[in-house]
Amino acid sequence: MRGPVPRPAGGGPAVRHRRDALVYRPVIGSGKLGPMTPLASDRARYDRATAHLDAPLAVVDLDAFDANADDLVRRAGGKPIRVASKSVRCRALLERVLARDGFSGLMSFTLAESLWLARAGFDDVLLAYPSADRAAYAELAADPKLAGAVTVMVDDPAQLDLIDAARDGGREEIRVCLELDTSLRMLGGRVRIGALRSPLRDPAQLAELARSVTRRPGFRVVGLMAYEGHVAGVGDAVAGRPLRSRAIRLMQAAARRELTGRRAAVVRAVRAVAPGVEFVNGGGTGSVQHTAAEDAVTEIAAGSGLYQPRLFDNYTSFSGRPAALFGQPVVRRPGVGVVTVLGGGYPASGAAGADRLPVPYLPEGLRYDAQEGPGEVQTPLLGSAADDLLIGDTVWFRHAKAGEMCERFAELHLVEGDRVTATVPTYRGEGRTFL
């Protein structure tokens, strides 16, 4: 372990740095090393593991990744977990998690991605969103292997028309999943809580669409999906906001009660029309145990919990270990209590706000400059920990969301203990930019 950093007379900032000796340098004032905190220990491991690499870089801690996978399985209570590929965006890690007991199948985010995964050997891919990719539909309808592996999402007969128009002579039967709107409606429908997704809400609507599919040659209903994002993707323990947290918990309890009954009724209605339904998918990382408790649900969707990004820290029902981090190099020291790292402006999708920004994670005690925030080409960081950082040191960040980090990096360095044991490409590293 590296000891105190040599400093010039007068106690100014340290000025020299040996990258080949990079391990860990705690913030100290007395020149003596104190006990290392768990986060400081993690920083030491990541610094040792990547001492031979140049930042910017991204890592996945496999011990944390596997522990998070185990916890998802525990919470699923015996029901299989379908892995949301958008939250991972790395084929090697998708293969790793699917090799574990308790995981089965993928949930993709574009049709082109679905076909690519199926060609790569993934044989159960559920497309989570309707598509308007005519060329990809033509490929799907023309290839029996692809048609057998990929299930597309539908919530409107017009989507069936688009698929038929895109077939280009392909005659393969298209596997179809119907999506249910899970939003919570209150005050006679004047208040709506939940994502704007499917227009189909009640059993009769889903059954009618199922009839449209079954009457149409070349299609077969095989699944139902209902993603309760207002439960699965909204933390119920917001730091420093006890009243808001309580309101979220009350809302989510009401939403779960309402959806449990309605989802069961929808499943019964659709099975009466399409008895060949193979799966009923629901949930997400934040609601695994609640959704798994519903008899009507046969499988759970989850993915973000594998990486445990910062938006999933605020839950009372579970806690994960941060597994995916990116490191940015210190390139400037503008003054006391300030360092500047290269790049780092990687906001997450969703409504713009501070919660969509990555957070400086290690070393502890760094924060953004309110006037600049995380920037496209540079990010100033403030705090006493800055005075212990040298040019070339790495600051570790956590992204707000999971797989979006992988759109910024071509590869992930897989860390076990204090070593990089493999380096694997992300989707982007394989030349795939699906969205």
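Per an unreviewed UniProt entry, the recorded name for the protein chain is Amino acid deaminase/aldolase, and the organism is Streptomyces tremellae.

Colleague: Would you take a moment to explain the overall build of the protein chain for this structure?
Modeller: If you tally the helices and strands in the protein chain, you get 12 helices and 19 strands. The globule rule puts the C-alpha radius of gyration for 435 residues at 22 Å, and the 24 Å found for the protein chain is close to it. The buried share among the 435 residues of the protein chain stands at 52%. Carbon and sulfur atoms provide 52% of the accessible area of the protein chain, an area that totals close to 18600 Å². Computed over 56 positive and 50 negative side-chain charges, the inter-centroid distance for the protein chain is 5 Å.

Colleague: What am I meant to see in the packing of aromatic side chains here?
Modeller: Given two aromatic rings, their pairing is described by the distance between the two centres and the angle made by the two planes. On inspection of all chains with the given rule, the structure shows 13 aromatic pairs. With a centroid separation of 6.0 Å and an interplanar angle of 35°, the aromatic rings of F326 and F409 are classed as tilted. With F326 in strand β12 (residues 324-335) and F409 in the loop between β17 (394-398) and β18 (411-416), this residue pair connects regions lying 83 residues apart in the sequence. For the pair F326 and F409, one class covers both residues: buried. Aromatic side chains Y346 and F409 sit 5.9 Å apart centroid to centroid with 85° between the ring planes, which places their arrangement in the edge-to-face category. With a gap of 63 residues between them, Y346 in the loop between β13 (338-342) and β14 (359-362) and F409 in the loop between β17 and β18 connect regions that are remote in the sequence. Accessibility classification places Y346 together with F409 in one group, the buried group. A network of ring pairs unites the aromatic residues F109, W116, Y427 and F434 as a single cluster.

Colleague: Looking at this structure, how should I read the packing of helix α2 (residues 62-76) against helix α3 (residues 91-98)?
Modeller: Any two packed helices are characterised by how steeply their axes cross, that is the angle between the axes, and by the distance between the axes. In the contact formed by α2 and α3, the axes pass within 11 Å of each other and the chain directions differ by 45°. With respect to α3, the axis of α2 lies oblique. Regarding α2 and α3, the two cross each other, and that crossing is right-handed. Here L62, F65, D66 and A69 of α2 lie close against α3, whose contacting residues are L93, R96 and V97.

Colleague: Would you explain the pairing of strand β5 (residues 150-154) in this entry?
Modeller: A regular strand places its side chains on the two faces of the sheet in alternate fashion. Within β5, 5 of the 5 residues are buried, which leaves the element mostly enclosed by the surrounding structure. Across the two faces of β5 the burial is the same, with V150, V152 and V154 and T151 and M153 all buried. Bridge analysis of strand β4 (residues 125-127) against β5 gives 2 bridges, and the strand direction is parallel. Counted as the bridge partner of V125 is V150 from β5. Taken together, the 4 bridges between β5 and strand β6 (residues 174-179) define a ladder with parallel strand orientation.

Colleague: Quick question: what am I supposed to make of the UniProt feature "domain: Alanine racemase N-terminal" (unreviewed entry) in the protein chain here?
Modeller: Here, UniProt's "domain: Alanine racemase N-terminal" (unreviewed entry) annotation points to residues 60-240. The distance separating the terminal C-alpha atoms of residues 60-240 is 29 Å; by composition the span is 40% helix and 22% strand.

Colleague: Quick question: what am I supposed to make of the packing of helix α5 (residues 134-142) against helix α7 (residues 157-166) here?
Modeller: Taken N-terminus to C-terminus, the directions of α5 and α7 make an angle of 70°; their axes are 8 Å apart at the nearest point. In this view, α5 runs roughly perpendicular relative to α7, as classed from their interaxial angle. Here α5 contributes R134, Y137 and A138 to the contact with α7, which in turn contributes L162, I163 and A166. Looking at the contact of α5 with α7 residue by residue, the class counts come to 5 nonpolar, no polar and 1 charged.

Colleague: I'm lost on the confidence of the model for the protein chain in this one. Help?
Modeller: Reading fine detail from the predicted coordinates is not recommended where pLDDT is low. The predicted model of the protein chain has a mean per-residue pLDDT of 91, with 92% of residues at 70 or higher. Taken together, the stretch residues 1-33 has pLDDT below 50 and engages in 68 contacts with residues farther than four places along the chain or on a different chain.

Colleague: Where do I start with the state of the cysteines in this structure?
Modeller: Structurally, a disulfide amounts to a covalent bond that connects the sulfur atoms of two cysteines. One pass over the structure, following the stated rule, counts 0 disulfides. Left unpaired, C90 is separated from the closest cysteine sulfur, that of C406, by 6.5 Å.

Colleague: What's the story with the nonpolar core in this structure? I'm lost.
Modeller: Across soluble globular proteins, you tend to see nonpolar side chains buried next to one another. Within the largest apolar cluster, 91 residues are counted, with the highest numbers of intra-cluster contacts made by L93, V152, L178, Y307 and L412. Among residues more than four places away in sequence, those in contact with L412 are A58, V60, C90, L93, Y307, M405, C406, A422, T423, V424 and T426. Listed in part, the 11 residues of the second largest apolar core include A55, L57, V59 and Y361.

About the criteria used
- Residues numbered from 1 in each chain as written.
- Predicted model: local features only at pLDDT ≥ 70, side-chain atom pairs only at ≥ 80, totals over all residues.
- Heavy atoms only, no water.
- Helix = DSSP H or I, 4+ residues; strand = E, 2+ residues; numbered from the N terminus.
- Rg over C-alpha atoms; globule rule 2.2 N^0.38 Å.
- Buried < 20%, exposed > 50% of the residue type's maximum accessible area, 1.4 Å probe, protein only.
- Areas by Shrake-Rupley, 256 points an atom, 1.4 Å probe, with all protein chains shown as cover.
- Lys, Arg positive; Asp, Glu negative; His and termini not counted.
- Charge placed at Lys NZ, Arg CZ, Asp CG, Glu CD.
- Phe/Tyr/Trp six-rings, centres within 6.5 Å; stacked < 30°, edge-to-face > 60°.
- Axes fitted to C-alpha atoms, helices over the stretch in contact; angles between N-to-C directions.
- Parallel < 35°, antiparallel > 145°, perpendicular 65-115°, else oblique.
- Left-handed = near helix turned anticlockwise from the far one by under 90°.
- Contact = heavy atoms within 4.5 Å.
- Pairing = 2+ DSSP bridges.
- UniProt positions renumbered as here; feature names shortened; annotations may be inferred.
- Nonpolar A, V, L, I, M, F, W, Y, C, P; charged D, E, K, R; others polar.
- pLDDT = per-residue confidence, 0-100.
- Disulfide = S-S within 2.5 Å.
- Core = buried A, V, L, I, M, F, W, Y, C linked by side-chain atoms within 4.5 Å.

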